[in-house]
Amino acid sequence: YFNVYQNTLDLGAVAKNDIISYNGCIINGKVTVSGFGSAYEYSLTTGNSGVNWQPSNVFDNITTPGTYNVYVRLKGVSGSCDFKVSGIVIKRTVFSVTATPTNVNCNGDKGSIKVTTNDINLQYVYKIFRGGALISSYGPTTDPSYTFTGLDAGSNNSLGYDVETSVVESNCMAFTNYYVVVNGP
């Protein structure tokens, strides 16, 4: 006679970030396993069993795109079960941004510029400049787009706006759309 127990460990709380590149700048990929304490250890591999076990639940130095598996097991318990989350795809993605103006229809009206990223699942800071002076900023935020409103109209090559979108976790990833013009009526 013996007792049978079901292990209710849920490995559904796994988040990932792809490898991001822009203009020679690279942010490494990242996999985070949540919901476990210090009693567990973790392994990230492309293979079918855990290797190189570590106490941290964060793998933030992924430099090669591919399909990864995460393994979790009790730390220091001989013969403990390895729990697996398979099929975590890490891609290489190029950071890109578009800035789309909404023109002024009538005299006295204000325009807007909508800034849209390709949503690399990180935090952004949006800034808008005119004549080199900062007019407004928004962030940090996880919103993949933001609209600057209340903007004066200009002409095609003068009085345009420079819109900068930067990634919070990087000191070299800032995308600037130069001379975005809100046209008048």
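Predicted, not measured: the structure shown is a model, and the values here were computed from it.

**Student:** I'd like a description of the side chain of Thr45, backed by residues and values.
**Tutor:** Position of Thr45 among the secondary structure elements: in strand S5 (residues 40-45). For Thr45, the contacting residues outside a window of four places in its chain are Val51, Tyr68, Asn69 and Tyr71.

**Student:** A description of the sheet that holds strand S3 (residues 25-27) should follow, citing residues and the corresponding values.
**Tutor:** As summarised here, the arrangement of the three strands in space is S3-S2-S9, forming an open sheet in which the pairing is mixed. Each having just a single partner strand, S3 and strand S9 (92-94) make up the two edges of the open sheet. With direction set aside, neighbouring strand axes in the sheet form an average angle of 25°. Bridging between strand S2 (residues 19-22) and S9 involves three bridges; their strand directions are parallel. By the bridge assignment for S9, Ser21 is matched with Val94.

**Student:** I'd like a rundown of the sheet that holds strand S15 (residues 161-167), residues and numbers included.
**Tutor:** The four strands are arranged S13-S12-S15-S16 in an open sheet whose pairing can be described as antiparallel. A strand with exactly one partner marks an edge of an open sheet, and here the two such strands are strand S13 (133-141) and strand S16 (174-180). If you compare each strand with its neighbour and ignore which way they point, the axes differ by 15° on average. Bridging between strand S12 (residues 124-130) and S13 involves six bridges; their strand directions are antiparallel. Directly across from Lys127, in S13, lies its bridge partner Ser137.

What counts, and at which threshold
- Residues numbered from 1 in each chain as written.
- Predicted model: local features only at pLDDT ≥ 70, side-chain atom pairs only at ≥ 80, totals over all residues.
- Heavy atoms only, no water.
- Helix = DSSP H or I, 4+ residues; strand = E, 2+ residues; numbered from the N terminus.
- Contact = heavy atoms within 4.5 Å.
- Pairing = 2+ DSSP bridges.
- Axes fitted to C-alpha atoms, helices over the stretch in contact; angles between N-to-C directions.

Purely geometric numbers; function is a separate question.
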